[in-house]
Amino acid sequence: EAGLEAQAVLADLMAVLPEGPIRVPADKVAVDADKCAACLTCYRACPHGAIQPNASQHRMDVLDAACWQCGICAAVCPGRALEHGSLRHSQMHEVLRVATQEIMGRQPIIAFACRQSAVLAADAAGHAGLALPTAVLLVDVPCAGLVGDHIVLDALEQGARGVLVLGCHHDNCRSLWGSDLSRKRVDKVRGALATVGVERE
């Protein structure tokens, strides 16, 4: 019975899939096989079911056609084996190094802005004649869920006066739980900062 149900599901999928090759974005999530321990953390975290275990090679594989490039998997990977094609770990570090330089004698506030919500809101505000304070610098990210603890701490370590993570409203995230994950991480970092005497705010 399970086999028949699986065949029925497959038939439904084949009916809606486009004919010919499926185009996927060039900036896809990549797996570094040398770093991957197949711990399944990314598998459990992916909201789109785009990551599957490769038992024969003891690593994880990204199913490009299913991947929405949100980067949640890269943020949760404990071994940094996953990287988002448009914003690799080294690139993010360099972006923050440049962004945290003093502006008019004062350290900036870095705002990691979700491309699906906060960046659009900032653009709409700009068209309405509103402007961000000069001390706030937006860093465009595919999803707030990509912003891991290490990214927030890196920004602070490099001299940012503060960090904002701007995502979608609860239950309105394109990647289902990217913003909720980010909120939990921010709370975790706040707690860690408080223990070493840094202002949570």
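Reading the values: rules and limits
- Residues numbered from 1 in each chain as written.
- Predicted model: local features only at pLDDT ≥ 70, side-chain atom pairs only at ≥ 80, totals over all residues.
- Heavy atoms only, no water.
- Salt bridge = Lys/Arg side-chain N within 4 Å of Asp/Glu carboxyl O.
- Helix = DSSP H or I, 4+ residues; strand = E, 2+ residues; numbered from the N terminus.
- Axes fitted to C-alpha atoms, helices over the stretch in contact; angles between N-to-C directions.
- Parallel < 35°, antiparallel > 145°, perpendicular 65-115°, else oblique.
- Left-handed = near helix turned anticlockwise from the far one by under 90°.
- Contact = heavy atoms within 4.5 Å.
- Nonpolar A, V, L, I, M, F, W, Y, C, P; charged D, E, K, R; others polar.
- 1 Å grid on protein atoms, 1.4 Å probe; cavity = no way out; pocket = protein on both sides within 12 Å on 5 of 7 lines; lining within 4 Å.
- Points joined across faces, edges and corners; volume = space filled by probe spheres on them.
- Pairing = 2+ DSSP bridges.
- Patch = residues over 30% accessible without salt bridge, like charges linked within 9 Å, V, L, I, M, F, W, Y side chains within 5 Å.
- Areas by Shrake-Rupley, 256 points an atom, 1.4 Å probe, with all protein chains shown as cover.
- Buried < 20%, exposed > 50% of the residue type's maximum accessible area, 1.4 Å probe, protein only.

(A) Fine view of the pattern of salt bridges. The full count for this structure, using the stated rule, is 8 salt bridges. For the salt bridge of arginine 88 with glutamate 83, the shortest nitrogen-to-oxygen distance reads 3.2 Å. Lysine 188 is paired through a salt bridge with aspartate 149; the nearest N and O atoms lie 3.2 Å apart. Of this pair, lysine 188 sits in helix 7 (residues 178-195) while aspartate 149 is found in helix 6 (residues 149-157), placing the two residues 39 residues apart along the sequence.

(B) A look at the packing of helix 6 against helix 7. Orientation of helix 6 relative to helix 7, taken along the N-to-C sense of each, is 50°, at an axis distance of 9 Å. Taken together, the axes of helix 6 and helix 7 lie oblique to each other. Relative to helix 7, helix 6 is oriented so that their crossing is right-handed. Judged by residue contacts, Asp149, Val152, Leu153 and Leu156 of helix 6 engage Arg185, Lys188, Val189 and Leu193 from helix 7. Its residues placed into classes, the contact of helix 6 with helix 7 shows 5 nonpolar, no polar and 3 charged.

(C) Molecular detail of empty space enclosed by the protein. Counted under the stated rule, the structure contains 1 cavity of 30 Å³ or more. What the largest cavity holds in volume is close to 70 Å³. In terms of residue class, the lining of the largest cavity is made up of 9 nonpolar, 3 polar and no charged.

(D) Inspection of the sheet that holds strand 5 (residues 109-114) at higher detail. Pairing in this open sheet of 3 strands is parallel, and the strands run 6-5-7 from one edge to the other. Two strands in the sheet have a free side with no partner beyond their single neighbour: strand 6 (136-141) and strand 7 (162-166). Between one strand axis and the next, the sheet turns through 20° on average, direction left out of account. In this sheet, strand 7 lies alongside strand 5 in parallel orientation, the contact comprising 5 bridges. In the sheet register, alanine 113 faces strand 7, and the bridge partner there is leucine 166. Across the face of the sheet, helix 5 (residues 118-127) comes into contact with strand 5, strand 6 and strand 7 while running at roughly 110° to strand 5.

(E) The arrangement of a nonpolar patch on the surface in detail. Together, Val9, Leu10, Leu13, Met14, Val16 and Leu17 make up a nonpolar patch on the protein surface, roughly 590 Å² of accessible area in all. Summarising the element assignment, valine 16 is placed in helix 1 (residues 2-16).

(F) Quick look at the environment of alanine 15. Of note, alanine 15 is situated in helix 1. Looking at alanine 15, the relative accessible area reads 64%, which means it is exposed. Between the C-alpha atom of alanine 15 and that of tyrosine 43, which follows or precedes it by 28 residues, the distance is 27 Å.

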